[in-house]
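# Structural overview
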Amino acid sequence: TDLTASSDFTLLTPVLYYSRNGIREPMKMNYSLPLGNWVADMRVMDLQGNEIAHPIMNQTISNEGVLSWSGNHLRKERLVDGWLVVWIQLFNENGKVRTIKKVIGIRNVE
């Protein structure tokens, strides 16, 4: 199965907005994969490669759906304005592996 031709990942929330009450809406990403049993690992990192969150850890996912991240930092720290990388690695029972990287923005608003 050619993953580059038959899978699609689309950010629904490319910027996360924080207010005094926390994040307004979590990061969401639609995806569509070819048939098969897929396992996903999703990490969120800053531009220096430091892990900010690990919302999906080797979880079996369906062929279509939505991946999300609450916007919470691993150490419960508030995120500063800037850019983060959402890194997703997928693999299936046939040994196919695919890595997807998407950039999201963080914006603090009052």
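A few points on the structure. (Residues numbered from 1 in each chain as written. Predicted model: local features only at pLDDT ≥ 70, side-chain atom pairs only at ≥ 80, totals over all residues. Heavy atoms only, no water.)

### Overview of the overall build of the protein
Worth spelling out the cut-off: Helix numbering and strand numbering both begin at the N terminus, where a helix is a DSSP run of H or I of at least 4 residues and a strand a DSSP run of E of at least 2. Accessibility here uses a 1.4 Å probe with only protein chains present; expressed as a share of the type maximum, an area under 20% marks a residue as buried, one over 50% as exposed, and anything in between as partly exposed. Should any heavy atoms of two residues lie within 4.5 Å, those residues are considered in contact. In this tally, Lys and Arg are treated as positive and Asp and Glu as negative; His is ignored, and so are the chain termini. We put the charge of a Lys on NZ, of an Arg on CZ, of an Asp on CG and of a Glu on CD.
Helix and strand content of the protein: one helix and nine strands. Ordering the α and β elements of the protein from the N terminus gives α-β-β-β-β-β-β-β-β-β. Projected onto the principal axes, the alpha-carbon positions of the protein cover approximately 45 × 25 × 20 Å. Expressed as a percentage of the 110 residues in the protein, the buried residues total 39%. Of the contacts formed within the protein by residues at least 6 apart in sequence, a portion of 58% connects residues at least 24 apart. With 12 positive and 11 negative side-chain charges, the protein shows a spacing of 5 Å between the two charge centroids.

### Some remarks on the layout of surface pockets
As a reminder of what qualifies: Definitions used throughout: a 1 Å grid over protein atoms alone; a cavity as a set of points that fits a 1.4 Å probe which cannot get out; a pocket as an open set with protein on both sides within 12 Å along at least five of seven lines; a lining residue as one with an atom within 4 Å of a point. Grid points are joined across faces, edges and corners, and a volume is the space filled by probe spheres set on the points. Throughout, the ten residues Ala, Val, Leu, Ile, Met, Phe, Trp, Tyr, Cys and Pro are labelled nonpolar, Asp, Glu, Lys and Arg are labelled charged, and all others, Gly among them, are labelled polar.
Its boundaries defined by the atoms lining it, the largest pocket holds a volume of some 170 Å³. The element best represented in the lining of the largest pocket is strand 8 (residues 82-92), accounting for three residues. Grouping the constituent residues of the lining of the largest pocket by class yields six nonpolar, two polar and four charged.

### Notes on unusual backbone geometry
The backbone of Asn-58 sits at a positive phi, close to 45°, despite the residue not being glycine. Inspection of the secondary structure puts Asn-58 in strand 6 (residues 51-61).

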